[in-house]
Each structure stands twice: as C-alpha cells, then as structure tokens.
Amino acid sequence: MSANRFVGKVAFITGAARGQGRAEAVRLASEGADIIAIDACAEFDSTAYDGATEADLAETVAQVEAQGRKIIATKADVRDFAAVSEALASGIATLGRLDVVVANAGICSGAMSWEITPEQWQETLDVNLTGVFYTCKAAIPHLIEQGEGGSIVITSSVAGLRGLPFLGHYVASKHGVTGLAKTLAVELGAHNIRVNTVHPNGVETGMQVNDMHALVQEYATTLAPIFMGSLPDQISLPEDIANAVAWLASDEARHVTGIQLPVDLGTLIR
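These figures come from a predicted structure and were not determined experimentally.

1. A closer look at the overall build of the protein chain
Part 1 of the reasoning: Along its length, the protein chain carries seven helices and seven strands.
Part 2 of the reasoning: Each helix (α) and strand (β) of the protein chain, taken in turn from the N terminus, gives the series β-α-β-α-β-α-β-α-β-α-β-α-α-β.
Part 3 of the reasoning: The globule rule puts the C-alpha radius of gyration for 270 residues at 18 Å, and the 18 Å found for the protein chain is close to it.
Part 4 of the reasoning: C-alpha atoms of the protein chain, sized along the principal axes, occupy 55 × 35 × 35 Å.
Part 5 of the reasoning: Expressed as a percentage of its 270 residues, the buried residues of the protein chain come to 53%.
Part 6 of the reasoning: Long-range contacts, defined here as pairs at least 24 residues apart, represent 78% of the contacts in the protein chain between residues at least 6 apart.
Part 7 of the reasoning: Within the structure as shown, the protein chain displays about 11600 Å² of accessible surface, and the carbon and sulfur contribution to it stands at 53%.
Part 8 of the reasoning: Counting 17 positive and 31 negative side-chain charges, the protein chain places the centres of these two groups 8 Å from one another.

2. Looking at the pattern of salt bridges
Side chains that differ in charge, positive against negative, can pair when their charged atoms come close.
Part 1 of the reasoning: Across all of its chains, the model carries 10 salt bridges by this definition.
Part 2 of the reasoning: Residue Asp251 pairs with Lys9 through a salt bridge whose shortest N-O separation is 3.4 Å. Separated by 242 residues along the polypeptide, Asp251 in the loop between helix H7 (238-249) and strand E7 (260-263) and Lys9 in the segment before strand E1 (10-14) bring together distant segments of the chain.
Part 3 of the reasoning: Taking relative accessible area as the criterion, Lys9 reaches 19% and is therefore assigned buried.

3. Focus: the packing of aromatic side chains
Part 1 of the reasoning: Per the stated rule, a full pass over the model turns up four aromatic pairs.
Part 2 of the reasoning: Both rings, one in Phe166 and one in Phe227, keep their centres 6.3 Å apart while their planes meet at 20°; by these two values the pair is stacked. In this pair, Phe166 sits in the loop between strand E5 (150-155) and helix H5 (168-188) while Phe227 sits in the loop between helix H6 (213-218) and H7, placing the two residues 61 residues apart along the sequence.
Part 3 of the reasoning: For Phe166, a relative accessible area of 3% translates into the label buried.
Part 4 of the reasoning: By way of ring pairs, the aromatic residues Phe81, Phe133 and Tyr134 are connected into one cluster.

4. Quick look at the environment of Pro262
Part 1 of the reasoning: Tracing the backbone through its elements, the reader meets Pro262 in strand E7.
Part 2 of the reasoning: Separated by 208 residues in the primary sequence, Pro262 and Glu54 place their C-alpha atoms 31 Å from one another.
Part 3 of the reasoning: Excluding anything up to four places from it in sequence, Pro262 contacts His199 and Leu268.

5. What about the pairing of strand E3 (residues 71-75)?
Part 1 of the reasoning: Examined bridge by bridge, strand E2 (residues 34-39) and E3 share five bridges and lie parallel to one another. From the neighbouring strand, Ile38 faces E3, where its bridge partner is Thr74.
Part 2 of the reasoning: The parallel pair E2 and E3 is bridged by helix H2 (residues 54-65), and the resulting crossover is right-handed.

6. Structural notes on the environment of Ala3
Part 1 of the reasoning: Turning to its location among the elements, Ala3 is positioned in the segment before E1.
Part 2 of the reasoning: A relative accessible area of 46% places Ala3 in the partly exposed class.
Part 3 of the reasoning: A C-alpha to C-alpha distance of 7.5 Å links Ala3 and Ser30, two positions 27 residues apart in sequence.
Part 4 of the reasoning: Those residues in contact with Ala3 that sit more than four places away from it in its chain are Ser30 and Glu31.

Here is what the cut-offs are and how they apply
- Residues numbered from 1 in each chain as written.
- Predicted model: local features only at pLDDT ≥ 70, side-chain atom pairs only at ≥ 80, totals over all residues.
- Heavy atoms only, no water.
- Helix = DSSP H or I, 4+ residues; strand = E, 2+ residues; numbered from the N terminus.
- Rg over C-alpha atoms; globule rule 2.2 N^0.38 Å.
- Buried < 20%, exposed > 50% of the residue type's maximum accessible area, 1.4 Å probe, protein only.
- Contact = heavy atoms within 4.5 Å.
- Areas by Shrake-Rupley, 256 points an atom, 1.4 Å probe, with all protein chains shown as cover.
- Lys, Arg positive; Asp, Glu negative; His and termini not counted.
- Charge placed at Lys NZ, Arg CZ, Asp CG, Glu CD.
- Salt bridge = Lys/Arg side-chain N within 4 Å of Asp/Glu carboxyl O.
- Phe/Tyr/Trp six-rings, centres within 6.5 Å; stacked < 30°, edge-to-face > 60°.
- Pairing = 2+ DSSP bridges.
- Right-handed = clockwise from strand over helix to strand, strands pointing away.

Below, the structure is given as structure tokens:
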C-alpha cells in the first residue's frame, strides 16, 4: 500500500455517513487527504432498510480525525443542488482546495420492473443519477478553476454493466452514471481531470435490500444465479471498494480515465 498518495489533497465524498462512503473517507484520510463529507442522514420512502443518521456521520468524522486529518461534514441531500454546492464551497473555503470527488451516495430497492411504483422509480433516479450529476456539476467548476487536474470517481455497480433482475430502476440509474462518466471523461480530459466508475457487486453496508429476499428465493434456480460471484467470498467489504477508489483517485492511475472498474468477486465473468 502506498502510504501517502493524498498528502496535501482534499477529497469531497457523498454518502459518507456509513458503508462505502465512510470507508473511502477513512482510506483517503489514512493516506493524507482532508475530507469534505456530506450525507442526507435521512430515511427514504422507497427503501426497506434504515437510512443513515447524523450519529453515523459523526462517527465518520471521528474516524477521519483519528487518522490525524481534517474533515468538514455537512448534512446535505444530493438531490438538493443548492445544498450540495454550498456544502462543497464551504469545505473548500475552509480546507483550501479540491482534488478528488467521490460521488458515492445511492439507494436501492427491489421489485419486478413492472411492479416498481412511480415513486420508487423517481426516488431512485433522483438520488442515484441526478444526485451524481449535481455532485459533478457542483465540483467540476472548482476543479477547472484550480487548474491542477483532479479525479472524479463515481460509484456505479455491477448493475451499471448488466441487466440484473429485480432492480430495473437501480439498473437504469447505474447505467446512467456509467454513461455520464464516459462523457465527462471525454469533456474533462483537456483539463487533466479524470473520470472513472467503480462497479461493486454485493457490499456489506447498511444498505440491505430486504425486499429482494423473497424474489431471490422465488427465482432461485432461474434469475437469482446471475448474482453469483466466482471468488469464494460471498460479499465484499466497504474497504475492498475503498481500495479501488483510492487507486483510481491517485496519481498511480494518472493515465486512467473513462474506465469501468469492476470490484465484483468475478460475477461479471460468469
């Protein structure tokens, strides 16, 4: 592990209260980065699991500070462009710069595509796709003005590369951010700003899609096997994804842009 790849740099991370967002904040801080963190810290109408809390975000703050780094954490919803912009600008004003953007915030629920409610569809697209667009829209002008390049890493999913059952709205949103990242990579290349997506399969976070369990059991011998990996581990840890994000965000990947990096236990090769 390179111990100091982010010394003197600042990273902006969404969905930072727990799970992958927290792991990414702690990992980048462990290598020297200061952190600007946001999370909605709210319940979502369409999800079958508890939302992150302000206490969760405070725990992220404590873990980053335990690495000896600074963190500016704000309760802000990625669906609110003004709130995202204000939180980011305030963080930059305090910490002095911006180098890395990790657009990680997302939600997930399960249903057969024709049974997804209009409200489920809208909330999923608003958080997972529009929220990523707002995150990038808020951050990119700062990176361009700073004039020193940068890295944007967007959390997509195996669902951003494959048609997974029971997740039509989620799949649409994750394919959407994959396409957005490709366009941003093309547009921002001249500014030496790299844009890549990371594609996990299952990750052990607070995002447990409990409403999928019955569907997986019902279709255990037909549709459900598509979720199987090739490696023996059943599920990834948030730190496994944070490791990949740290590499993509670092100068070690300075010639890597516009890629889709699976960290998926080999599910896409089955």
